[in-house]
Structure formats: structure tokens, C-alpha cells
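Spelled out from the first residue to the last, the chains are:
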Amino acid sequence: MQNIFKFLLLAIVSIASLQLVTAQIVEKAEKGAFVLTNATIETITQGTVKGTLVIQDGKITAIGQNVPTPAGAKTIDCTGLFIYPGMIDGGSTLGLSEVGSVSLTQDFNEIGELTPQMQALTAVNPNATAIPVTRVDGVTTTLTTPRGGLFPGTAALINLVGYTPDQMYAGFKGIVMNYPVVRRRPWGGDNRSDEELKKEEEKLLKQVNEVWDQAALYARIDSAARANSANPKPDYNPEMEALVPVLRGEVTLLLEVNRYNDIESAIKWVQDRKIKKVIFTGVAEGWRVADKIAQAGIPVITGPVITVPSRASDRYDKAYANPGLMHKAGVKVAIRTNNSENVRNLPFHAGFAVAYGMDKAAALRAVTITPAEMFSVANRLGSLEVGKSATLFVASGDPFETKTEIRHLFIDGWNVPIDSRHIQLYEEFLNRQPGAKK
Amino acid sequence: MKNLLFIIIILLGCQWSFAQPRTGSMLIKNGTVLTITKGTLENTDVLVERGKITRIGKNIAAPAGVPIIDATGQYVMPGIIDAHSHIAIDAVNEATNPVTSEVWVGDALDPLDVSIYRALAGGCTSSHAMHGSANAIGGECETIKHRWGTYNPEDLRMQGAPRTIKFALGENPMRVHGEGRSIVPRTRMGVEFVIRKAFTEGKNYMEAWAKYNREKATNPNALPPQYDRRLETMADILKGDIIIHCHSYRADEIYMLLNVCKDFGVKKVCFQHVNEGFKVAPELAEFGAGASVFADWWAYKFEVYYSTAYNAAILVKNGVVTSINSDSGDYIRHLYHQAAKTQRYGGLTDEESLALITINPAKQLGIENRVGSIEVGKDADIVIFNAHPLSIYAVPQKTIVDGVVYFDISKDADDVRLDVNPTEAFPAYYEELQLNHYRCMQGAFELLFGWMTERE
């Protein structure tokens, strides 16, 4: 009898340990020292280097030939392969949406026109299925962005690795503002005239200005209270508290604006309001007023690039050509997907910009160092330089080329396995067992 | 004299309504010809005469009067075919009944849609203008050629292309009819039943007519069954005269329709979207069903949550005739790029990838003897690229339909609209962003989606 118990116990233990073994099959990210040898290293900021890239303590510690390698480092032979800094998407809702049509899985669109205090970072789901799907294509970082209303919330730059939002946070937040647009509902049933739409837009713009005046007043009361404790503190007003740092030039305003006439008005608005830190986003019709944007010195995050022109009367390739035309006019241009589940297509958006006229080097910068500079994280991200974060990927070729494969991936020093649900389903179903017959 | 004039007028009228589409001749010199079916031919000429490919070879001399297009250093491939689109039509869904096989998209062709020109600018010469996915059995579709510049809807039709019909499984018909109108189907059980019932009624209708046709020979008093357009179409499907193109996502519903088709002896089926086709690829291959997929769309609704961008590769490697479609006025302009994604996701060869947007969709539409490859005798639907079409840097230079150049990048005008709306307020930009994934539901939205608010 005792033997039977022993046997059962043994059986249970072995089943349990078997499960443990199965569990360990799941590949995990690892941190440590890595030596990437024989690579073509595209640094972006310091030209192309043939040789070795060393990673230690999450940072790039050496780039070049005959560099010292740390003891115990894992060597990855990159013969014939290319190393690029991780691509940075300038705007998405990645991590804020799981299933497009299921509203309860959508966390980017709060109720109300004025919700700048809403934090995208809070709602980022580090375990969103789309995150591994995105990073295995070399997109390591994205600005995840709330949408809807006039002031939808606070966007956050995230690295696509980590198990909590704070582990993912890449060091930049910005307040989103939508320049008022009122459009007819597509597919008919909305008979508002152009005049009516315009009036509604003017009403919204008036609202924006009122909000801004209130924020200025709030800032004055707040400053006075800080300067002298005898002065009254302002009432609790989370919306105003969120906007005040923008007024004070401490936080960047991400101003979504697309129509050319709105872009012109927005430039004037920003100048009148003396907003120090501002980035225009979207900017679909930027090509029409590129000189004016350049003159105002306002940087732009544009995209999607692969989309139809904004007007039926536009030349068919205007959306593709827009980033290149703005860059040529002297605008500082970063590229975004404005997508959720297919942020992985960022290199293709950049590639189409090149196919339709953008300088290749500028397009590469538009998904690496340029957004890093806009987000004030260029000391850590956006290029391959000693001392910067080891956020990079190893590719079989030009990262914009569709057939290029991403072989190795490092984000924030973590060697992240090339794995995602898309890859797992491929492996399970390529040679399905049983096949057609049982 | 009056009579003569009358006859002339009548004849002119006939000529107008039965006008043959414009055709042209040309010699495309010295390109890299991607024939699709017969390999890649370097430094090769393609001779086009009166809309057909008449010779492929080296150093072909241009017949008198035939213009020469120099394609040195360029890539010549068959015009891209989109097996799923909703461009060039001004109605998509007749969302009033779970079965609407009586309606036909061919009645709603819109030659003024600027999307036709944009598709040409992306190398796409033919598309399958489909009914939407609101109904389990939707309307008949229309295979069109992108003959831009005409005001006559008739010119768009690809004469002689087989009839096709739209079916739809899963969330869309369940939402529209079950949730929206509280009638069957509300579940995937209901969808199966609706389709089985329609097939059975079609079969009974067909038999009733057969019976009448037998009887009337001997019995002058025999009564014909009541004519029913809906059931006429169902009967034609059962006879094998119409190819089913079925909107579907989940493996279980795909498998269900295969079983239904087996039970009714229906053989011509192509699944559309078919995001989980990879899960039942052996069954699809065994049945001989086609699959027309997106390159990488997923997660926009729950039934596409368990998708993979490797879908096309798995299907191809299992022997399923697979195509990549657009379902979008945007994606129809870069199907060559969408096809290239199967090289990143699944490592398909150049030939396999290009077949996904040429000969395979042609097979799915039953027009593979006419288009989809560069072969002598086929229609001269051709696109010339400045680089290999699977490269991200490839830009279509000229797009040719029936030997006529409809898109030429060197002569491309800024504004090509045929129908100018002076009050075009704003732009497709936001709509496209929001609605890219929902073209299929056009016409059913107003009824259903309160959440599609005007300001997102």
C-alpha cells in the first residue's frame, strides 16, 4: 500500500516536473553581455561601421574593429547581416487596443472634449498580443497616443519590452490636442452643409481658446501661490493642471492637424499663444504649405504614409510623397503609422516615402534619430553610439525592403526572442498534424 | 430617306450600347518580363496587337504604325488582379434580408470613381467589384477592367467573365440580421441554416422548372412555377454557373461551408479574407477551394484576433490556390507590396508571391484563360515597373489594359477627376483611417454602429 502511495507521489512529481520543462520551452528575454561580430553597423549618426558591437548592462559599450570583448559575453555572429537602431514609430495606439471592434478593449478614447490628464501610459497593456508582433519586425519604440475630442490625453513613449508600463516607459510624454475638424459621417445620412460644419468647427476652436485662457489664468494663480504661501492655491482642476506645463514650456504639445488651411491657422495659433514646445502630428496636407511649416520651425510627425491622398483632386501619390516634400522644404520630419495592430509596417511607410521621392538617409532618420530628438531621448535612443541604450535589431538587409528578415532583437538591453503569436501559429499550422485525414 | 436616317440612328445607337472596349497595339521593348506562368525572360520584347499579346521574344520588329515602349532596365508583368474590392460601385450592401441573391453589383457600376485611376497607378488592371458582407448570401458581383476615362458603366465590365456571388459568414451577417434586426442568423448555427435553406429552396425551384419543362411538351395546360429571381440565382449556383466568393474568417465556419457545398454538389468556391484559412488549409486544398486573403490585417474585430501574417504562406505550401486582395481603395494601389509581405512572412519565392496577385486571383474569378500572365493570346493587361515589383522601391510606370495605356507616370496629371464636386469639403483622410477595415459593411453601418460617431 505504501508503495502504491510512493508510486503515485512519484508520478505526480514527474508530471509536475514535466510541466515545468514544458513551461521552460517558452523563450524569455535575457539581459547580459553580448558581442555582435562581423556586422555592418548602420549607426545613423556616425556612418556605417564594419565590425563588432558590444552590449553590456543594457548599453552599447563599443562599436568598431578590434574592440575588447567582455568576459562571458555571448557572441552572435552577424556575418552578412546589418545592425540598425530600433525603429521609433511617432504615433500609434499600440497597447491601448486589443480588438478593434470590441469597445471594451479600446483604451485610447475617454469621454469628453477636455481630458488632457488621461494617461495613455496607465492603460498600456504590456501583454497586448500586438506588442511582440510589432517588435519582431524591428519597431522597438512607439509613441502611444490617446485619441478623440479636443484634448484626448497624455501620450507616452514606450519601449516594446517589459511587464509593467513603468518598465516600458521610454522617457517622454506629450499632451495631445486635436485641431478642430468637423466632418460629415461617411456613407451618407449626414446632410449638414459646408457652412454648418464650418460653424461647428469655429465653435470648437472658440472652446479651445477658452480652455487655453483658463489654463493661463490657472497658471498665474498657481505661480502666485507657489511664490507666496499667503496667496490662495488654485482649486483642484486636473485638466488645467495637465495643461499648465505646456503653457510653461515644460511639456510638449502634440498638435494633430491635417488640412493645409488648418496647418496655417495652427501655426499662427501656436505663435500667438507663444507655445514653446510643439510638434505637429498627422500633417496630411503638409506638402501644400511645407515652406510655412519650415519657416515656423515646427517639427512634424506625419503618417500614415501608405494611404490615399486626402482629396479626390490630389495626385494619386501625394500621401506617399508628403514626407519627402516636407523634408525637402526644410521641415524636420518623423514618420508614424497611426495604427494599432500593424505598427510593424513602419519601415514600409518609410520605404514608400523613399520610393516616392524622400531621401533614403532622411527616411531612415525619420524612424530613428529624428523622433528621438523630438522626444528629447536622443541621448539614449535613435542611433548606435557608445553609451546609448542597446535598442537595436539585426537584419538580413535593408530594413525598408519587404522581404528583409529580422534575425535578432535587443530592446533596452534585453535580448528579445524573435517570437509572436503570428510566428507560433505558423509553426503550429504549417504542417498541421493530423492533416486532412484523421 | 427618312427610313434610311432612322436605320442609321438605330445602328448608331446599337453601336453605342454594344461598343467594344477600346484596344491598342504596341511593342514593349527589352524589358525583364515576369510572365508568371513561364518564368522570367530577360531583355525580352512583348508585342501587343489590337489588345492581345501576339508575340513574346527577342528582337521583335515593330509592325508598321505600332508604337514602341522602351522598357530597358524595367520590369514587365501582367496587370495586377484584385479578387476583392468595392471600388467603382455606388452601392455595396442590400442589407435588408439574410439572402439577397436577386441583386447584382453590376447594376451599380460607377465609372467616375477616382479609385479606378488610383488602382491603375498601382498597377492593378482588373478587380472583382463585390457585394458587401451584411448578408449570409449577398448579391452577384462584377469582374471589371479598369478602363478609366469612360462615362459609360458598360465599358467597365469584363465581358465574358463568369458570374460570381458574395456569401458571408460570421460576425457581419450575425450583427446585421441577428443583433440588428432580431432575425436568424444570430449565431454561426443560424448562418449555416440560412445557407442550407436557400440552397434547398433553389434546388426545389430548379426541379419544379425541370418538371414543368418536361410536362409542357405533352401537356399544353402545364402551369409554370412562379418566376423568382432570388431562386433563379440559387439554382444557377447549384448548376455550377456561378462561383461563390465567401467572406469568412474562422476555421469552423470555413469548414461548415465546405460541408454544405459538398452536400449540395457545389464545387466552385473561393473563400474571401479567410484569416483562419491556415487552420483548415488541408481541407481547403482537398476540396479545391480558393483562398483570397489579406497580407497582414488582423485584430480589427474578434473573429480575426487569432490571425497570422503567415496565412498566405501556409495556404500556398498546402497547395491552396491563394490570392492577396485589397478590400480597400488604398490597398488596391499597392498589392505588389502586399504580395511581397509573404516573403517576409513565410519565405515565398518571387514566383509564388507574384502569382498571388496575378494568375491565382484570375483562377479564382474564372478568367485565367484571358488574364493573369504574359502569354501569347492573352489580353494585353500589363504593368511596367521601374524596379522588381516585390521591392519596396518599385513604382509602376505604365499600366496598360487591352493594349491601351491608361496610366503613364510621365504624363500623369494632378487632378484626374471625371466628376468634379466643387464642394468637396474634407477629404478621405479620416474616413480611410477609420473605416479601412469596414468597406465590406458599407450601407449597413447607418443602421448598426452607434459607436462610429462623427468625431471619433
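Relevant structure appears above.
Below is a summary of the structure that appears in this document.

### Observations concerning empty space enclosed by the protein
All names here are of chain A. Evaluated as defined, the whole model comprises five cavities of 30 Å³ or more. Its boundaries defined by the atoms lining it, the largest cavity holds a volume of some 110 Å³. Lining of the largest cavity is provided by 17 residues; of these, A284, P304, T307, A319 and N322 occupy positions nearest its centre. When residues of the lining of the largest cavity are assigned to their parent elements, the largest contribution, four residues, is made by helix 9 (residues 318-328). Looking at the lining of the largest cavity, its residues break down into nine nonpolar, six polar and two charged.

### Comments concerning the nonpolar core
Counting residues in each nonpolar core, the largest one holds 193 residues, and the members touching the most others are A:L255, A:F280 and B:F199. With near-sequence residues (within four places) excluded, A:F280 lies in contact with A:L255, A:V257, A:I263, A:A266, A:I267, A:V270, A:I298, A:P299, A:V300 and A:I301.

### Let's talk about the packing of aromatic side chains
Tallying each qualifying case throughout the model produces 28 aromatic pairs over all chains. Ring centres 6.1 Å apart and planes at 50° place the aromatic pair B:Y117 and B:W148 in the tilted group. Of the two residues, B:Y117 is situated in helix 2 (residues 115-121) and B:W148 in the loop between strand 9 (142-145) and strand 10 (163-168); the sequence distance between them amounts to 31 residues. When its relative accessible area of 6% is taken as the criterion, B:Y117 is described as buried. Among the residues examined, B:W148 registers a relative accessible area of 11% and is labelled buried. A ring pair is formed by B:W209 and B:Y212, whose centres lie 5.7 Å apart and whose planes are at 85°; its orientation type is edge-to-face. Placement of the pair is B:W209 and B:Y212 together in helix 4 (residues 188-218), with a separation of three residues, close to one helical turn. Owing to a relative accessible area of 14%, B:Y212 belongs among the buried residues under this scheme. Taken together, the ring pairs in this structure connect A:Y316, A:Y320, A:F352, A:Y356, B:Y117, B:W148 and B:F407 into an aromatic cluster. Above the ring of A:Y169, the side-chain terminus of A:K173 is found at 5.6 Å from the ring centroid. Sitting over the face of the ring of A:W287, A:K318 holds its NZ or CZ atom 4.7 Å from the ring centroid.

### Some thoughts on the interface of chain B and chain A
On the chain A side, the residues contacting the 76 residues of chain B number 81 residues. Between chain B and chain A, roughly 7200 Å² of surface is buried when both sides are summed, and carbon and sulfur atoms account for 53% of that area. Put simply, chain B and chain A have four salt bridges between them. Between B:R344 and A:D137 there is a salt bridge whose closest N-O contact spans 2.9 Å.

### Some details on helix 6 (residues 251-264) of chain B
Residues that lie three or four places apart on an α-helix share one face, since the helix turns once every 3.6 residues. Residue and element names in this part refer to chain B. Compared with the 20 Å implied by 1.5 Å per residue over 14 residues, the 20 Å span of helix 6 between its first and last C-alpha is a close match. Among all positions of helix 6, only A251, E253, I254, M256, L257, L258, V260, C261 and F264 are buried. Downstream of helix 6 by one or two residues, G265 has phi in the positive range, about 70°.

### Observations concerning the environment of A:I55
All names here are of chain A. Relative to the helices and strands, I55 is located in strand 2 (residues 48-56). C-alpha separation for the pair I55 and P417, spaced 362 residues apart in sequence, amounts to 16 Å. The contact partners of I55, leaving out residues within four places of it in the chain, are G32, A33, F34, L36, T61, A390, L392 and F410.

### Details of the pattern of salt bridges
Residue and element names in this part refer to chain A. Tallied over the entire structure, the rule returns 54 salt bridges over all chains. For R288, the salt bridge is made with D314, and the minimal N-O distance between the two is 2.4 Å. With a gap of 26 residues between them, R288 in the loop between strand 11 (278-282) and helix 8 (290-296) and D314 in the loop between strand 12 (300-302) and helix 9 connect regions that are remote in the sequence. By relative accessible area, which is 35% here, R288 ends up partly exposed.

### Regarding the sheet that holds strand 6 (residues 80-85) of chain B
Neighbouring strands of a sheet are bound in pairs by backbone hydrogen bonds; such pairs are parallel or else antiparallel. All names here are of chain B. With mixed pairing, three strands are arranged side by side in an open sheet as 6-7-9. Pairing within the sheet leaves two strands with one partner each, and these edge strands are strand 6 and strand 9. Pairwise comparison of adjacent strand axes, ignoring direction, gives a mean angle of 20° for this sheet. Of the pairings in the sheet, the one linking strand 6 to strand 7 (residues 124-129) comprises four bridges and is parallel in character. Directly across from I81, in strand 7, lies its bridge partner S126.

### Here's the deal with a nonpolar patch on the surface
A grouping of A:V102, A:L104, B:F302 and B:Y306 is seen on the molecular surface, where their side chains present a nonpolar patch of about 410 Å² in accessible area. By secondary structure assignment, the location of B:F302 is in the loop between strand 13 (290-293) and helix 8 (311-317).

### Quick notes on the state of the cysteines
Residue and element names in this part refer to chain B. On inspection of all chains with the given rule, the structure shows zero disulfides over all chains. In this model C261 remains outside any disulfide bridge; the closest cysteine sulfur is found in C246, 8.1 Å from its own. The class of C261 is buried, set by a relative accessible area of 1%.

### Comments concerning unusual backbone geometry
Cis peptide bonds are those with omega within 30 degrees of zero, and the linkage from A:G303 to A:P304 qualifies with 5°. Looking at where A:P304 falls in the secondary structure, it is placed in the loop between strand 12 and helix 9. In this model, A:Q433 is joined to A:P434 through a cis peptide bond whose omega is -5°. Position of A:P434 relative to the elements: it lies in the segment after helix 13 (421-429). The phi torsion at B:N59 lies on the positive side, around 50°, for a residue other than glycine. By the element assignment, B:N59 lies in the loop between strand 3 (52-57) and strand 4 (68-70). Residue B:N59 is classed as exposed on the basis of its relative accessible area, which comes to 70%.

Analysis parameters
In every chain, residue numbers begin from 1 and rise along the written sequence. Think of it this way: whatever chain is written first is A, whatever ligand is written first is 1, and the rest follow in order. Thresholds applied to this predicted model are a pLDDT of at least 70 for local features of residues and 80 or more for the giving and counting of side-chain atom pairs; totals over whole chains, interfaces and linings are not thresholded and use all residues. Each side-chain value is worked out from all heavy atoms of the structure, with water and hydrogens disregarded. Within this scheme a cavity is a closed region of a 1 Å grid, computed over the protein atoms alone, that accommodates a 1.4 Å probe without allowing it to escape, whereas a pocket is open but has protein on both sides within 12 Å along at least five of seven lines; lining residues each have an atom within 4 Å of a point. Grid points are joined across faces, edges and corners, and a volume is the space filled by probe spheres set on the points. For the purposes of this entry, the term helix denotes a DSSP run of H or I that reaches at least four residues, the term strand denotes a run of E that reaches at least two, and both are numbered from the N terminus. As a working rule, the residues Ala, Val, Leu, Ile, Met, Phe, Trp, Tyr, Cys and Pro are called nonpolar, Asp, Glu, Lys and Arg charged, and the rest polar, with Gly in that last group. Throughout, nonpolar core names a set of buried Ala, Val, Leu, Ile, Met, Phe, Trp, Tyr and Cys residues whose side chains join them through atoms within 4.5 Å. Three labels apply to residues, based on accessible area from a 1.4 Å probe with only protein chains included: buried if under 20% of the type maximum, exposed if over 50%, partly exposed otherwise in between. Any two residues having at least one pair of non-hydrogen atoms within 4.5 Å are treated as being in contact. Stacked, tilted and edge-to-face pairs are distinguished by plane angle, under 30 degrees for stacked and over 60 for edge-to-face with tilted covering the rest, among Phe, Tyr and Trp rings (Trp via its six-membered ring) whose centres lie within 6.5 Å. By the criterion adopted, a ring carries a charge over it if an Arg CZ or a Lys NZ lies within 6 Å of its centre and within 35 degrees of its normal. Reported buried area values correspond to the accessible surface (1.4 Å probe) lost by two parts on association, with both partners' losses combined. One speaks of a salt bridge when a side-chain nitrogen belonging to Lys or Arg is within 4 Å of a carboxyl oxygen belonging to Asp or Glu. One fewer than the residue count of a helix, multiplied by 1.5 Å, yields its expected span. Only strands joined by at least two bridges in the DSSP assignment are considered to pair. The axes used here are C-alpha line fits, helices contributing only the stretch in contact, and every angle between their N-to-C directions lies in the interval 0 to 180 degrees. Surface patches are drawn from residues lacking salt bridges whose relative accessible area is over 30%; two like charges belong together within 9 Å, two nonpolar side chains (Val, Leu, Ile, Met, Phe, Trp, Tyr) within 5 Å. Only the protein chains shown count as covering a residue, and every accessible area follows the Shrake-Rupley method with a 1.4 Å probe. The disulfide criterion is simple: two cysteine sulfur atoms within 2.5 Å.

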